[in-house]
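The lines below spell out each chain.
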Amino acid sequence: MLLRHTTKEVRERTALTVNPAKTCQPVGAMYAALGVHGCLPHSHGSQGCCSYHRSALTRHYKEPVMAATSSFTEGSSVFGGQANLLQAIETIFAVYEPEIIAVHSTCLSETIGDDLNQIVNKAKDEGKVPFGKYVIQASTPSYVGSHVTGYANMLEAFVKYFAEKTNEKIRQINLLSGWVEPSDMRELKRIMKMMKVKSVLLPDTSDVLDTPMTGKFEMYPKGGTTIPEMVSMGDSMQTLGLGEWATTKAAIMLDNQCKVPFDIIDIPVGLKATDRFIQALAKAGRVSIPESITEERGRLLDVITDMHQYLYGKRVAVYGDPDNIIPLIEFLVDMDMKPVYIVSGTPGKHFDSRMAEILSERVPEAKYKNGPQADMFLMHQWIKENPVDLLIGNTYGKYIARDEKIPFVRMGFPIVDRIGHSYFSTLGYTGGLRIVEKLLSAIMDKQDATCLEEKFELVM
Amino acid sequence: MNEMLKGRKSQIVTKGHDDVAIACGKASIAGSVSQRACVFCGSRVVLYPIADALHLIHGPVGCAAYTWDIRGSLSSGPQLHRLSFTTDLKEKEVVFGGETRLYNALISLIDQYKPKAAFVYATCIVGVIGDDMEAVCRRVTREKGIDVIPLMSEGFNGTKKDGYKIACAALSKLIGTDQTSVVPEHSINILGDFNLAGELWMLAEYYRRMGVNMVACMTGDGRINDIRKAHKAQLNVVQCSGSMTYLAKDMEDKYGIPFMKVSYFGIEDMSDALYEVARFFKSDEMMQKARELVREELSKLLPALQEYRAKLEGKKAAIYVGGAFKAISLVKALRLLGMKTVVVGSQTGNQDDYNLLKELCDEGTIIVDDSNPNELSEFVKQTGANLFIGGVKERPIAFKLGLGFCDHNHERKEALAGYEGMLNFAKEVHASVCSPVWKFMK
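In this text, all values refer to a predicted model and were calculated from it rather than measured experimentally. (Residues numbered from 1 in each chain as written. Chains lettered and ligands numbered in written order. Predicted model: local features only at pLDDT ≥ 70, side-chain atom pairs only at ≥ 80, totals over all residues. Heavy atoms only, no water.)

## Digging into the overall build of chain B
- Counting secondary structure elements, chain B contains 17 helices and 14 strands.
- Here the C-alpha atoms of chain B give a radius of gyration of 22 Å, agreeing with the 22 Å that 2.2 N^0.38 yields for 442 residues.
- Oriented by its inertia axes, the alpha-carbon framework of chain B measures out at about 65 × 60 × 40 Å.
- Carbon and sulfur atoms provide 51% of the accessible area of chain B, an area that totals close to 15,800 Å².
- Of the side chains in chain B, 55 bear a positive and 53 a negative charge, and the two mean positions are spaced by 3 Å. (Helix = DSSP H or I, 4+ residues; strand = E, 2+ residues; numbered from the N terminus. Rg over C-alpha atoms; globule rule 2.2 N^0.38 Å. Areas by Shrake-Rupley, 256 points an atom, 1.4 Å probe, with all protein chains shown as cover. Lys, Arg positive; Asp, Glu negative; His and termini not counted. Charge placed at Lys NZ, Arg CZ, Asp CG, Glu CD.)

Right, dumping it as structure tokens:
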């Protein structure tokens, strides 16, 4: 029992987080910046931060993750990190030749009062930023929000810096993606193509963090949203933000700066959220929904019908980031499952109301919590009180799954012990099919392995 | 890459071409894509394997999240070290201080888990907001009656090596606090083994077969009560010299315990590690037993290695690891497999290590300190390496380049130390270098 230390009684904790269901802002900023073509993320802080974030992303994607650091020393913590960042900008453009340096701050640089705007402007004034190259910056102190807000802040920085309003509207929409996998970004683009909606997807980590093996190391792989694409976002007809936590800030920025109206909807996970996404796309792009999309929906529905008896009433525990788990929980309820325990380390006041809206009628017994102390320890205590049939979340759930012998489906960030997330999307109707397949396999594998001999079934 | 990082030149030498000594121990240049980590990381990885202690990270959530169970240090008993505890500091504490939060967290953790001791790690921000962590730890020590040891390991306060030093100082506070236990004759401490994939258990068994008793390992499969009596050993055997030499020197000063540096990688170094201990105790019987052990192990190992050597003969390797001392053993171990080292570097090597490497390597070998992905991939291309040995961040780069890879860092899955480890190493290198997948690369 790896988690033999988890007590069954839930005690109030205020000062302590045990086994966090989140991590800090800068890693989100780094991930978002990797979804822009030719962009080198830069961590303005101690060396360890950059190293940890790169390792975390490398473990999840099994891809090289490039990012630079200001390499703070004791001197920088006293005198400020300006000299480090100025030198860094010069070094990076000379040696690594990115199009863009996307600087994010850390708890250290924020607390000592470094003003990124001022330092970046100084770098420009001193001619340290070559012509046609860019430095942008986002404030991402680790003691605020979570990895999700770091991602949101970096997206905002990109549109703030690049989106331009001319007087010519372009018949395209902006699609701001929440934190999803490269496979999901690819799927979003496929759906857009099927719908014949011209769009700019920001960020886009496909072809960056799922690159083919070629025998060459590419510092800047071919994927990522390009600068001209980002510039054109200011002239788009509309913005669709997928995920309130990750995309609201950038959507508002585009509205304020370029008067592009926006809608924030859920990431298209499962049936209803994908319905809303497709409808929003049809409306924003002024297109009708093609037969091929309707057929995909029908296939998902068909499988759910076929397998309903194995899904019905199953108690599920879910943890992860709000944008991703809100539509997932809705999907589980739609399939007649019972998501009974839900935690998310990311703070945000709408979480409770969204959960209540989805759960109060169909799963009134559900317990949910987000923000500080909404951690894996609490989740485990709930499960010990009253077990579940299925656990869904990132790799860190494997301790609980093993100790409590619960079928476990990996979704979220990070997944460091299985593959697939980079290549097989869980978005849209087709992605929904994959989710159903994964849930069923986990549940039915356990049934096959543990049921009584006389109950063992060939046909299921 | 059209330009090498300015100021990096002195940290790269090619044997046979450059006669200058390599520069090392320098802070990384701002703006480099360095593979290095920070002070906190150094302290955290060194103490992490102590399984019955509480490890609390005082800071915002990230530093705890990224170091949650990432090191494959096995414990034969408690698993408390594999949990992640953090004070999860927020804006409020950054403004008003986090001392109360730290105090409350410690009290509730100690009440709940009853650890044998507690380590509290300072992260960057603690150094800046001015929490008096030492005072809080003193207070909790008084109130709870267990040692609560603060580590002033703010990330910016030097390099990873400074983190090792801080961890050693923390261990030093525990050592000597058990005056009553008696240890047998011929007792040693093993320093700098972290029981990755159970390596320590193998080593301790070798020593046991020679009649040598282990008092404490610092810190693999570590226990607080063993560390308290570590001063009763007659000898400290130090591996991974980068992290534990500070402690060995400290124990020599305080308790007069001599130390020897060893390495457990490869046949020669492993055998020397046994012989040297027997020599130290001036026991013919022990030496006899060590020889028998080596003979017995080699009689199993050498024939088994042949199969791999035959396939690997003449292949070339690039090495980039944390400590340079490890790199030295790797060069020798690769040689035993018939492989030549063409690039070798480390994050934290010192002058002595690099001199040794230079002596050991063949003409033309590139030796590098604090490298980055561009340089490494450039060197690999230049030298035509077939294998890369490194850690988590280097693995996908090596694979993209079409090279075999062996993880010689925290994420190793098989024991690589000792005689069995040598065979595992050969198997791993062979599996990766001779994988059929490389044939499909265009």
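## Some details on the domain arrangement of chain A
All names here are of chain A.
- Under the domain assignment, chain A is made up of domain 1 (25-161), domain 2 (173-289) and domain 3 (292-455).
- Each of domain 2 and domain 3 has a C-alpha centre, and the two are 25 Å apart.
- The interface is formed by 31 residues belonging to domain 2 together with 35 residues belonging to domain 3.
- A buried area of about 2,900 Å², summed over both sides, lies between domain 2 and domain 3, and 58% of it is on carbon and sulfur atoms.
- Sorting the residues of domain 2 by area buried against domain 3 places Trp245, Val269 and Leu271 first, and these three jointly supply 27% of that buried surface.
- Run the count over domain 2 and domain 3 and you get 5 salt bridges.
- Between aspartate 266 and arginine 354 there is a salt bridge; the shortest N-O distance is 2.7 Å.
- The set of elements that each furnish at least two residues to the side of domain 2 that touches domain 3 consists of helix H8 (182-195), helix H10 (244-258) and helix H11 (270-285). (Domains from an automatic or database assignment. Contact = heavy atoms within 4.5 Å. Buried area = accessible area lost by both parts, 1.4 Å probe. Salt bridge = Lys/Arg side-chain N within 4 Å of Asp/Glu carboxyl O.)

## Looking at the domain arrangement of chain B
Residues and elements named next belong to chain B.
- Domain boundaries in chain B define domain 1 (39-158), domain 2 (187-292) and domain 3 (313-411).
- The C-alpha centroid of domain 2 is placed 28 Å from the C-alpha centroid of domain 1.
- In this complex, domain 1 contributes 20 residues to the contact, which on the side of domain 2 involves 17 residues.
- Three residues, Val46, Ile50 and Leu74, lead the burial of domain 1 against domain 2; their summed loss comes to 36% of the area buried on that side.
- The interface formed by domain 1 and domain 2 includes 1 salt bridge.
- Two residues, arginine 228 and aspartate 147, come together in a salt bridge whose shortest N-O distance is 2.9 Å.
- For the pair domain 1 and domain 2, the number of links is 10 residue pairs in polar contact (both at pLDDT 80 or more). (Polar contact = N/O pair within 3.5 Å; in protein donor to acceptor, adjacent residues only side chain to side chain.)

## Details of the interface of chain A and chain B
- Listed as interface residues are 73 residues of chain A and, on the opposing side, 73 residues of chain B.
- Across the chain A/chain B interface, buried area totals approximately 6,100 Å², and carbon plus sulfur atoms make up 62% of it.
- Scanning the region where chain A abuts chain B turns up 2 salt bridges.
- Residue B:Asp88 is joined to A:Lys22 by a salt bridge in which the shortest nitrogen-to-oxygen separation is 3.0 Å.

## Describing the sheet that holds strand S10 (residues 315-319) of chain A
All names here are of chain A.
- Judged by pairing direction, the sheet is parallel, and its 5 strands sit side by side in the order S12-S11-S10-S13-S14 without closing on themselves. The sheet is open, and its two borders are formed by strand S12 (367-370) and strand S14 (408-410), each paired with just one other strand. Along the sheet, successive strands turn relative to each other by an average axial angle of 15°, direction set aside.
- By the bridge criterion, 3 bridges tie strand S13 (residues 390-393) to S14 in an arrangement that is parallel. (Pairing = 2+ DSSP bridges. Axes fitted to C-alpha atoms, helices over the stretch in contact; angles between N-to-C directions.)

## Observations regarding helix H13 (residues 322-334) of chain A
Residue and element names in this part refer to chain A.
- An ideal rise of 1.5 Å per residue puts 18 Å on 13 residues; H13 measures up with 18 Å between its terminal C-alpha atoms.
- Counting buried positions along H13 yields 11 of 13 residues, so the element is predominantly enclosed.
- Aspartate 336 occupies a position one or two residues after H13 and carries a positive phi of about 75°. (Expected span 1.5 Å × (residues − 1). Buried < 20%, exposed > 50% of the residue type's maximum accessible area, 1.4 Å probe, protein only.)

## Considering the pattern of salt bridges
- Using the criterion set out here, one finds 40 salt bridges over all chains in the structure.
- Connected via shared salt-bridge partners are A:Asp266, A:Arg276, A:Glu330, A:Arg354 and A:Glu357.

## A look at the sheet that holds strand S10 (residues 316-321) of chain B
All names here are of chain B.
- Taken in spatial order, the 6 strands make up an open sheet running S1-S12-S11-S10-S13-S14, and their pairing is mixed. This sheet does not close on itself; its edge strands, each paired only once, are strand S1 (12-14) and strand S14 (404-407). When strand polarity is set aside, the average angle formed by the axes of neighbouring strands in this sheet is 15°.
- Of the pairings in the sheet, the one linking S10 to strand S11 (residues 340-346) comprises 6 bridges and is parallel in character. When the sheet's bridge partners are listed, valine 321 is paired in S11 with serine 346.
- Sheet strands in contact with helix H14 (residues 351-360) are S11 and strand S12 (366-369), and its direction is about 170° off that of S12.
- On the sheet, helix H17 (residues 418-433) packs against strand S13 (387-390) and S14 and is oriented at approximately 150° with respect to S14.

## What about the pairing of S12(A)?
Residue and element names in this part refer to chain A.
- Where strand S11 (residues 338-344) meets S12, 4 bridges bridge the pair, whose relative direction is parallel. Residue pairing across strands places serine 344 opposite asparagine 370, the latter belonging to S12.
- In this fold, S11 hands off to helix H14 (residues 350-359), which returns the chain to S12; that crossover is right-handed. (Right-handed = clockwise from strand over helix to strand, strands pointing away.)

## Let's talk about the nonpolar core
- One finds A:Met154, A:Phe158, A:Ile392, B:Leu47, B:Leu106, B:Phe119 and B:Met218 to be the most contacted residues of the largest nonpolar core, which totals 202 residues.
- Ignoring anything within four residues of it in the chain, the contact list for A:Phe158 reads A:Ala32, A:Ala33, A:Val36, A:Cys39, A:Ala102, A:Ile136, A:Ala163, A:Leu202 and A:Met230. (Core = buried A, V, L, I, M, F, W, Y, C linked by side-chain atoms within 4.5 Å.)

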